[in-house]
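# Observations on the three-dimensional arrangement
Residue-level listing of the chains:
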Amino acid sequence: MHSYLKGRKLWLYVSGDRPIPEKEDKEIDSAYATRMEDWESANHQIITWFRNTSIPSIVDEFGNIDIAKEAWDLLVTWDAGPSGARNFKLTCKLYQIRQEPGRLF
């Protein structure tokens, strides 16, 4: 995912290095609105991609998350947690292992 986001120039949104824009002192309202629209578009593109590429149990965890960094932080926490994706992956792997008759593990 990291490479994909960097390749699409979206990593700064996920890392928090491109936060929600704030209006500058002498900035025209329309210029700020354009910057905000661009930020929201990229931010929601990332969130949509996360939702579309995650399993339903992870998507349910997103709830009302509206900021890509928060969604990313959740994914990182979920993956590293004791009941996260790694545990799920190991459980699937164990299920796939079959013991042949007469053979010891």
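Description of the structure in this document. Computed from a predicted model, the values in this text were never measured in an experiment.

### Things to note about the pattern of salt bridges
Overall, the coordinates contain three salt bridges when judged by the stated rule. Between Asp 29 and Lys 23 there is a salt bridge, and its shortest N-O distance comes to 2.5 Å. Residue classification places Asp 29 among the exposed residues on the basis of a relative accessible area of 54%. Between Lys 69 and Asp 73 there is a salt bridge, with the nearest N and O atoms lying 3.0 Å from each other. Placement of both Lys 69 and Asp 73 in helix 5 (residues 68–80) is noted, with a separation of four residues, approximately one turn of the helix. Overall, the relative accessible area of 30% leaves Lys 69 in the partly exposed class.

### Digging into a negative patch on the surface
Where like charges cluster on the molecular surface, the negative patch consists of Glu 37, Asp 38, Glu 40, Asp 66 and Glu 70. If one sorts the elements of the negative patch by residue count, helix 3 (residues 29–52) sits on top with three residues. One can find Glu 40 in helix 3.

### Some points on unusual backbone geometry
Glycine aside, the phi torsion of most residues is negative, and most peptide linkages are trans. Even without glycine at this site, Lys 9 takes up a positive phi of about 60°. Within the secondary structure, Lys 9 sits in the loop between helix 1 (2–7) and helix 2 (11–15). Of the residues examined, Lys 9 reaches a relative accessible area of 70% and is grouped as exposed.

### Here's the deal with the side chain of Asn 43
Examined against the element boundaries, Asn 43 turns out to sit in helix 3. Relative accessible area serves as the criterion here: at 0%, Asn 43 is assigned to the buried category. From its side chain, Asn 43 meets the backbone nitrogen of Ala 68 in a polar contact 2.6 Å long. Setting aside residues no more than four positions away along its own chain, Asn 43 makes contact with Tyr 13, Asp 66, Ile 67 and Ala 68.

The rules behind these values
Residues numbered from 1 in each chain as written. Predicted model: local features only at pLDDT ≥ 70, side-chain atom pairs only at ≥ 80, totals over all residues. Heavy atoms only, no water. Salt bridge = Lys/Arg side-chain N within 4 Å of Asp/Glu carboxyl O. Buried < 20%, exposed > 50% of the residue type's maximum accessible area, 1.4 Å probe, protein only. Helix = DSSP H or I, 4+ residues; strand = E, 2+ residues; numbered from the N terminus. Patch = residues over 30% accessible without salt bridge, like charges linked within 9 Å, V, L, I, M, F, W, Y side chains within 5 Å. Areas by Shrake-Rupley, 256 points an atom, 1.4 Å probe, with all protein chains shown as cover. Lys, Arg positive; Asp, Glu negative; His and termini not counted. Charge placed at Lys NZ, Arg CZ, Asp CG, Glu CD. Polar contact = N/O pair within 3.5 Å; in protein donor to acceptor, adjacent residues only side chain to side chain. Contact = heavy atoms within 4.5 Å.

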